[in-house]
Amino acid sequence: MHDASEQQQLLMASLPPSPGQTRFALSIVAVLVAAFGVTAFFAKVQLARVDAFIPAAQTAIFINDVITSVLLFSQFSIVRRPALLALASGYCFAALMVVPHALTFPGLITPTGFLGAGPQTTAWLYILWHLGLPLASIAYVLLSGTESPKFMSERTTQAAIGLSVNMVVVLACVLVWTTTVQETRLPIILDGSGRLTLFGTLANGLIIFLAAFALVAIWVRRRSVLDLWLMVAIVAFLIEMLLSAELAGTRFSLGYYAGRIFSLIVAVIVLTAMLAQTTTLYADLAQSILRRRSTREARLIAMDTMAAAIAHEVNQPMAAMVTNANAALRWLARTSPDLGEVRTSLERIVNDGHRANDVIGSIRSMFKKDVRGRLLLNANELVREALTMVDLDLRNHEVLVTTDLRNGLPQLRADRGQLQQVFLNLIMNSIEAMSSVTGRGRVLRIRTDLMQDLSGILVAIEDSGAGIEGKDKDLIFNPFFTTKSAGTGIGLTICRSIVESHGGDLRASVNKPHGAIFEFTLPNGEL
Amino acid sequence: MAQVPVISIVDDDKSVRDATKSLVRSLGYNAVTFGSAEEFLESAYVSTTACLITDNQMPGLSGIELCDRLIADGHDIPVIFVTAFSNDRLQLYVDRTGAIGYLPKPFKEGRMVECIDAALKRRSGQNARH
């Protein structure tokens, strides 16, 4: 539809955290650290081997990572920020590595592990799996400065996601092949008694270092709710690494089990935060749509009521004038004309004429005299505001909006409410003009530009609707002229009088190949 | 000698009211004016009015409500509606109650004369039967 700046403001990936959210995240970190403190003491206590634990925990981690990855990919497809693509790929990678890790776990499926695994396969897969999150987080931070390329269309976004997923799958396959078929060529991580070798300790140390680096980097550049919860996830991740790799010593110790539980927590944190955020935002959005709908309706109803009131106010003296004139003719036509009555009728006609003029004068002054309410305004902002207000109508009528808003336009000196009426009326007219269009796109194009002589700005509202017939072209600005089944015919008249009272000009022309163009100019308000 | 019929005019707009009164008088009838439906209902003219010309959109009782009240009270006065907002509801009402008709504001003089003639004809027909 229209540009995504507003949508981006509502996504977790770009929304700044509230103080409450930050406090809550800190309290989670405190709980995690406290839990770590307790388990660290007993990390080496050896517990019974529970074979069901590994597949159960890993399945949960797999599912969580997949969902997190899908959600991040979908946020990327909206926000189009490469940083999100990197993080989503990281979660996707982690999900894929969890599977062979569980399958090759010695004794689960076959005594030495499935897929032709050797004694080092599972340990290697663990290391590689755990390189995923820190590396993806670092990539996320490094890329978070880069804004989405403007040319990125929906199609290229889809392609980027497809490419990333394919690359991650290929990478995972290569790594599984290396760690199973080529297992004997790899350095040894676990020695015969199941303890870490020097190489294993160094590998774990590297992961911990990378994760700590990622944590600090995100902390330095933290901006969004996503950053906040990613940091919490990395804290849990560090605890997992310290417990299961450094403190636990061997498999099936208390530290080992606790490590797996922290691993599960890592997978859950970002997902939970995203789901909670989505729910809250959905509620907020529903609220704001309701609010927006009611403001727009209030404005348009006010316009209709005003038009009806004007019609009525002008109609009364008109009716009186016509009737008085008829009466005067009757008095004159009598066999003995009653000149006194004729005089009274004519005097009344004069008064009614003045009264009608007063009504029109007061309407005119509504748009003309009150210069006090005029502020310096940006035309592009007014366009965006109006589009926001008619967002629902645009969606309901399946109208595609394109904007071509020129940067650096001079400000206008104008009455905000009145100009909003002009924008709303012209846009609503275009939407209505396109409502009967089938078989071709309903396109609303709004363009702002500098006038050729640089004396002001130009706004064009173009539609692909039924257009204006030649004979109507001169009439559409006349009061009460309408081609719509339900219209008062006063909207365009008022629009023109508002634009002219601001020193501008409103014109209609024919759009090629279909539709109408309404174009108005307004003088530079900075002069 | 036949009594000159009294035509009552109800309109909240004074200039329209006075203009209509002048036109009706120029046709040779007696005319009385009222600023609201309530004012007319409280007056003594309810029982002597031969024809009622009323605006529909008014503060207080509308023209339709005034007509309803008259029917409920047993007054069979021919009614001509004048309205700035012609609508289907008014047309239906006219068809249903057998009112003389409704004229848009500003009304065509010829149509008004026809309506008044029709109203008075119906009124005298009724009187003859009594």
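Our subject is the structure listed above.
Just so it is clear, the model here is predicted, and its values are computed rather than measured.

Calculation criteria
- Residues numbered from 1 in each chain as written.
- Chains lettered and ligands numbered in written order.
- Predicted model: local features only at pLDDT ≥ 70, side-chain atom pairs only at ≥ 80, totals over all residues.
- Heavy atoms only, no water.
- Helix = DSSP H or I, 4+ residues; strand = E, 2+ residues; numbered from the N terminus.
- Buried < 20%, exposed > 50% of the residue type's maximum accessible area, 1.4 Å probe, protein only.
- Contact = heavy atoms within 4.5 Å.
- Areas by Shrake-Rupley, 256 points an atom, 1.4 Å probe, with all protein chains shown as cover.
- Lys, Arg positive; Asp, Glu negative; His and termini not counted.
- Salt bridge = Lys/Arg side-chain N within 4 Å of Asp/Glu carboxyl O.
- Pairing = 2+ DSSP bridges.
- Axes fitted to C-alpha atoms, helices over the stretch in contact; angles between N-to-C directions.
- Core = buried A, V, L, I, M, F, W, Y, C linked by side-chain atoms within 4.5 Å.
- Expected span 1.5 Å × (residues − 1).
- Buried area = accessible area lost by both parts, 1.4 Å probe.
- Polar contact = N/O pair within 3.5 Å; in protein donor to acceptor, adjacent residues only side chain to side chain.
- Nonpolar A, V, L, I, M, F, W, Y, C, P; charged D, E, K, R; others polar.
- Left-handed = near helix turned anticlockwise from the far one by under 90°.
- Patch = residues over 30% accessible without salt bridge, like charges linked within 9 Å, V, L, I, M, F, W, Y side chains within 5 Å.
- Phe/Tyr/Trp six-rings, centres within 6.5 Å; stacked < 30°, edge-to-face > 60°.

Caption draft 1: Looking closely at the overall build of chain B. Secondary structure summary: chain B contains five helices and five strands in total. When the helices and strands of chain B are placed in sequence order, the string is β-α-β-α-β-α-β-α-β-α. Burial statistics for chain B: of 130 residues in total, 52% are counted as buried. Residue pairs at least 24 apart in sequence account for 59% of intrachain contacts in chain B once pairs closer than 6 positions are excluded. Here chain B displays about 6,300 Å² of accessible surface, and carbon together with sulfur accounts for 49% of that area.

Caption draft 2: Molecular detail of the side chain of arginine 123 of chain B. Residue and element names in this part refer to chain B. Tracing the chain through its elements places arginine 123 in helix H5 (residues 109-129). No salt bridge is formed by the buried arginine 123; the nearest opposite charge belongs to aspartate 76, separated by 6.4 Å. Excluding residues that lie within four positions of it along the chain, arginine 123 makes contacts with Ser47, Thr49, Ala50, Asp76, Ile77 and Pro78.

Caption draft 3: Layout of the sheet that holds strand E5 (residues 101-104) of chain B. All names here are of chain B. Overall, parallel pairing links the five strands, which are arranged E2-E1-E3-E4-E5 in an open sheet. The sheet terminates laterally at strand E2 (30-34) and E5, the two strands that pair on one side only. Between one strand axis and the next, the sheet turns through 20° on average, direction left out of account. Examined bridge by bridge, strand E3 (residues 49-55) and strand E4 (residues 79-83) share four bridges and lie parallel to one another. The residue bridging leucine 52 from the neighbouring strand is valine 79, located in E4. Against the sheet, helix H1 (residues 14-26) makes contact with strand E1 (6-10), E2 and E3, and its axis sits at roughly 170° relative to E2, the strand it touches most.

Caption draft 4: Representation of the nonpolar core. Residues and elements named next belong to chain A. Leu72, Tyr91, Met97, Tyr140, Trp229, Leu230 and Ile234 are the most contacted members of the largest nonpolar core, which totals 77 residues. The set of elements that each furnish at least two residues to this core consists of helix H2 (19-41), helix H3 (53-79), helix H4 (82-103), helix H5 (121-143), helix H6 (154-180), helix H7 (198-221), helix H8 (225-247) and helix H9 (254-333). In this structure leucine 230 touches Leu87, Tyr91, Ser137, Tyr140, Ile218 and Val270, once residues within four positions along its chain are discounted. Membership of the second largest hydrophobic core comes to 42 residues, among which are Ala379, Phe423, Ile427 and Phe518.

Caption draft 5: Structural context of H7 of chain A. If you check H7 of chain A, its first and last C-alpha atoms are 34 Å apart, about what 24 residues at 1.5 Å a residue would give, namely 34 Å. All of the buried residues in H7 of chain A are Gly200, Ala203, Asn204, Ile207, Ile208, Leu210, Ala211, Ala214, Leu215, Ala217 and Ile218 of chain A.

Caption draft 6: Representation of the interface of chain A and chain B in the model. Across the contact, 19 residues belong to chain A and 19 residues belong to chain B. Three residues stand out in chain A for area buried against chain B, namely Gln316, Thr323 and Arg330 of chain A, and they jointly supply 30% of the buried area on that side. Between the two partners, chain A and chain B, sit three salt bridges. Glutamate 341 of chain A is the partner of arginine 25 of chain B in a salt bridge, and the nearest nitrogen-oxygen pair spans 2.3 Å. Connecting chain A to chain B are ten residue pairs in polar contact (both at pLDDT 80 or more). Elements with a contribution of two residues or more to the side of chain A that touches chain B: H9 and helix H10 (339-368) of chain A. Counting residues per element, the side of chain A that touches chain B draws most heavily on H9 of chain A, at 13 residues. The class makeup of the residues in the side of chain A that touches chain B is six nonpolar, seven polar and six charged.

Caption draft 7: Region of the structure containing the pattern of salt bridges. Under the defined criterion, the tally for this structure stands at 19 salt bridges over all chains. Glutamate 109 of chain B is paired through a salt bridge with arginine 330 of chain A; the nearest N and O atoms lie 2.5 Å apart. With glutamate 109 of chain B in helix H5 and arginine 330 of chain A in helix H9, this residue pair bridges two chains.

Caption draft 8: Geometry of the packing of H4 of chain A against H6 of chain A. Residue and element names in this part refer to chain A. Two elements in contact, H4 and H6, have axes whose closest approach is 9 Å; the angle formed by their N-to-C orientations is 35°. Crossing of H4 against H6: the hand is right-handed. Residue-level inspection shows Leu85, Ser89, Cys92, Phe93, Leu96, Met97 and Pro100 of H4 in contact with H6, the latter providing Ala160, Ile161, Ser164, Val168, Val169, Leu171, Ala172, Leu175 and Val176. Class assignment for the residues of the contact of H4 with H6 results in 14 nonpolar, two polar and no charged.

Caption draft 9: Highlighting unusual backbone geometry. For the bond running from lysine 512 of chain A to proline 513 of chain A, omega is -5°, close enough to zero to count as cis. A cis amide bond links lysine 105 of chain B with the next residue in sequence, proline 106 of chain B, at an omega value of -10°. Tracing the sequence through the fold places proline 106 of chain B in the loop between E5 and H5. Phi angles above zero are rare outside glycine, and glutamate 398 of chain A is one such case at about 55°. Within the secondary structure, glutamate 398 of chain A sits in the loop between helix H12 (391-396) and strand E2 (400-405). For leucine 454 of chain A, which is not glycine, the phi torsion reads 65° and is therefore positive. Note on placement: leucine 454 of chain A falls in the loop between strand E4 (443-450) and strand E5 (456-462).

Caption draft 10: The sheet that holds E5 of chain A, seen in detail. All names here are of chain A. On the basis of which strands lie adjacent, the open sheet formed by five strands has the order E2-E4-E5-E7-E6 and mixed pairing. Every other strand in the sheet has two partners, leaving E2 and strand E6 (505-510) as the edge strands with one partner each. In this sheet, adjacent strand axes meet at a mean angle of 15° when their direction is disregarded.

Caption draft 11: Summary view of a nonpolar patch on the surface. Nonpolar side chains collect at one region of the surface, where Phe62, Ile63, Val66, Ile67, Val70 and Val99 of chain A lie side by side and expose about 430 Å² of accessible area between them. It is H3 of chain A that contributes the most residues to the nonpolar patch, five residues altogether.

Caption draft 12: Representation of the packing of aromatic side chains. Counted by the stated rule, this structure contains twelve aromatic pairs over all chains. A centroid spacing of 5.2 Å and a plane angle of 70° characterise the contact between phenylalanine 34 of chain B and phenylalanine 40 of chain B, whose relative ring orientation is edge-to-face. We note that phenylalanine 34 of chain B, like phenylalanine 40 of chain B, is buried. Among the aromatic residues, those joined into a ring-pair cluster are Phe53, Phe105, Phe252, Tyr256 and Tyr257 of chain A.

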